Amino acid sequence: MSPSPPPEPAAKRQKTSNEANLPFYPGLLDSENVERLAKAHSSSEPYKHAVINQLFDQDFLRKARKEITEQLSFTEKETDIYKINQTGDLTNLSGLPESELALLPTLLELRDALYSETFRKFLQKVTGCGPLSGSKTDMSCAEYSQGCYLLNHDDVIGTRRISFILYLPLDEPAWKPEWGGALELYPILKADDKNPDRPNVPVSKPTNIIPPSFNQFVFFEVQPGHSFHSVEEVAVIGDGQKGGIGARVSLSGWFHKPIDGEEGYEGSEGFMPKSSLQQLYATTLSAPTPYPEPLSLPLPTVPSSSDLAYLSKYLNSAYTSPKIIGHLRSQFVETSHLVLSDFLSPTIATELESLVKAKDLEVEKGRRGVEVNGQKVNLIPAHSTGESSEQGWTVVGPPHLQRYLSLSSTAPSSTAAERLETLLREIQSLFQSNAFAALLACLTSLLPVAHTTNIRRFRPGLDYTLARGEPAGEAEDGEGEGPQAKLDVGLYLTPKQEKEEDQGIWEGGEAGAWDIWLVGDEGGDEATYGGGGGSKAKPEEESNGEAEAKNGEGEQQEEMEEEDDDSTLLSLEPTFNRLHLVLRDPGVLSFVKYVSAKAPGSRWDVAGEWEVRGIEEEEEDGGEQ
């Protein structure tokens, strides 16, 4: 499904002049076909859906497509969950001036046929879904060109009852599955003896993948916690023309439950005008680990000699210098974030970069610029790419919040770990150590009390995290502490590319993979946006100040740029051997932008989130914790 356009008043029911002559494909409405589709629908997995290979008369649909691509305007839209080119709500076409309506006669006929009583009854017979509104229409047109995608969501919002997509790519040359753009359907994790109260969340990988083709119509009933789906990135480069080769054009929308005054109206109880933003604000998806021996107060201004001895095994010597630590602390107090270049020692960094490059090469060799049916394609890896039970790499979800490869913190007992995994686990142990907690305290003047850490690999064409954070406001019960700020800590381990062109793809934001922090917006369509509020973040246009110690010399650099989007607070590109510390206040969301198939490799990091307390708060509470 495409994201919903901004809400507009529902148009009155459109009358079809002669429902007996609707322009559907011959035999579509025959009882035998209805019976066949109903049987296929009832047995479909991972949830009930149906695919109609030919919905409309072919010549009729070609005319409609011509009107769409030549007469309609598309707007580029981008959030944490999608990148798409989309028209406005086609509900309101009837309100256009006669001169403009005269340019869209076939599209109007198509829309009226879809929402006609005949077709609505056809859908009811196939799905058994119950009555559908003939007054509330909801449809728009989308073009997914190279790099466009829509991540996992369930479409649940308002009175939606059936989601549909009518595919309109060119019928010649025919769309190839390798070009991307498939509809992906996800099953849910089921409750079991260990998790009897498990909520409905999608598994990490789709089990049904439906590539687009001209005149194909896919539909399914909208079900809270069940109808999870996504649109695979369009990976074909194509001809770059509007509606041309490689343009995944589609009409998509919803059939709604009857509204007040229509037959079958069920009342407003149970409708969801908006999905719950609170559910999407879960900051951590695993319980934080408390420090067994929290730091004593007052907080240190430099780590102890024993802590320094441990840290010096791994870190650039600049970051164990009292003078530089003091300067960075002042920077953090002023800006609430630090960006520290060349964080690891040169010896460890050099070895680690070489190992990561070698691991990336296993996936990247021959993946980009492959010719498929005469078109260049950046192939999307299989969802299982990079998984390894021997080394401990597994895909982490749930995909309506995140997806990436994660390395287990301990090596599987069945095999000796390879050098890359050993080094990564050592860095994760460094992050989890009391010595690192002391360093964080020295750099931020905050008391670390608990942490979560992950070794992550974000694969091109597959991985991301969606915007989430602590909601602003008081405690839910009105008592005790409200939401607390969190300290985001991440060590970028994405190797520098040998080709300047490939390095420019990372730095320019063309392939995503940037870390974004933005102000939460509760006015967005959270069912689709994942809590991102619809804010468009173009990282190449937005950057905040950086405090860096370079090459062990303690050189400080700060850069400030104008921000075009007031909601975006900070954007950081993936790179190698750079640590960031960002204090994320309640009401601020963060995410890792989806990594495009265009990316020259995976985005790698060791990252985590720290629960922290301000020292003033601790002193007022009287003593240590």
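Residues numbered from 1 in each chain as written. Predicted model: local features only at pLDDT ≥ 70, side-chain atom pairs only at ≥ 80, totals over all residues. Heavy atoms only, no water.

**Student:** How do you make sense of the packing of aromatic side chains when you look at a structure like this?
**Tutor:** Working definition: an aromatic ring pair is given by the centre-to-centre distance plus the angle between the planes. On inspection of all chains with the given rule, the structure shows 22 aromatic pairs. Arranged with centres 5.0 Å apart and planes meeting at 20 degrees, the rings of F24 and F119 form a pair that is stacked. In this pair, F24 sits in the segment before α1 (31–42) while F119 sits in helix α5 (residues 117–127), placing the two residues 95 residues apart along the sequence. Residue F24 shares its accessibility class with F119, and that shared class is buried. In textbook terms, an aromatic cluster arises when at least three aromatic residues are bridged by ring pairs, as seen for F24, F56, F60, Y115, F119, F122, F164, F217, F219 and F255. The ring of Y144 carries the charged tip of R248 above its face, separated from the ring centre by 4.7 Å. Taking the ring centre of Y404 as reference, the NZ or CZ of R456 above it sits at 5.5 Å. (Phe/Tyr/Trp six-rings, centres within 6.5 Å; stacked < 30°, edge-to-face > 60°. Helix = DSSP H or I, 4+ residues; strand = E, 2+ residues; numbered from the N terminus. Buried < 20%, exposed > 50% of the residue type's maximum accessible area, 1.4 Å probe, protein only. Lys NZ or Arg CZ within 6 Å of the ring centre and 35° of its normal.)

**Student:** I tried to follow unusual backbone geometry on my own but got confused; where do I start?
**Tutor:** Glycine aside, a negative phi is what most residues show, and trans is what most peptide bonds show. A cis amide bond links L297 to the next residue, P298, at an omega of 0 degrees. Note that P298 resides in the loop between β12 (289–290) and α6 (305–311). With a phi angle near 65 degrees, S336 is a residue other than glycine that sits in the positive phi range. Tracing the backbone through its elements, the reader meets S336 in the loop between α7 (322–335) and β13 (337–341). One non-glycine residue, N577, lies in positive phi territory at about 60 degrees. Of note, N577 is situated in strand β23 (residues 576–584). Accessibility expressed as a relative area gives 4% for N577, which makes it buried.

**Student:** What's the story with the pattern of salt bridges in this structure? I'm lost.
**Tutor:** Side chains that carry opposite charge are capable of pairing whenever their charged atoms lie near each other. Summed over all chains, the structure comprises 24 salt bridges. Across the salt bridge formed by D605 and R456, the nearest N and O atoms sit 2.7 Å from each other. In this pair, D605 sits in strand β25 (residues 603–614) while R456 sits in strand β18 (residues 446–458), placing the two residues 149 residues apart along the sequence. K486 is the salt-bridge partner of E609, the closest N and O atoms lying 3.6 Å from each other. Here E609 is found in strand β25, whereas its partner K486 is found in strand β20 (residues 486–493), with 123 residues between them in sequence. Residue class for K486 comes out buried when judged on its relative accessible area of 8%. Shared partners join several salt bridges into a network, and the residues in it are E470, K486, D488, R584 and E609. (Salt bridge = Lys/Arg side-chain N within 4 Å of Asp/Glu carboxyl O.)

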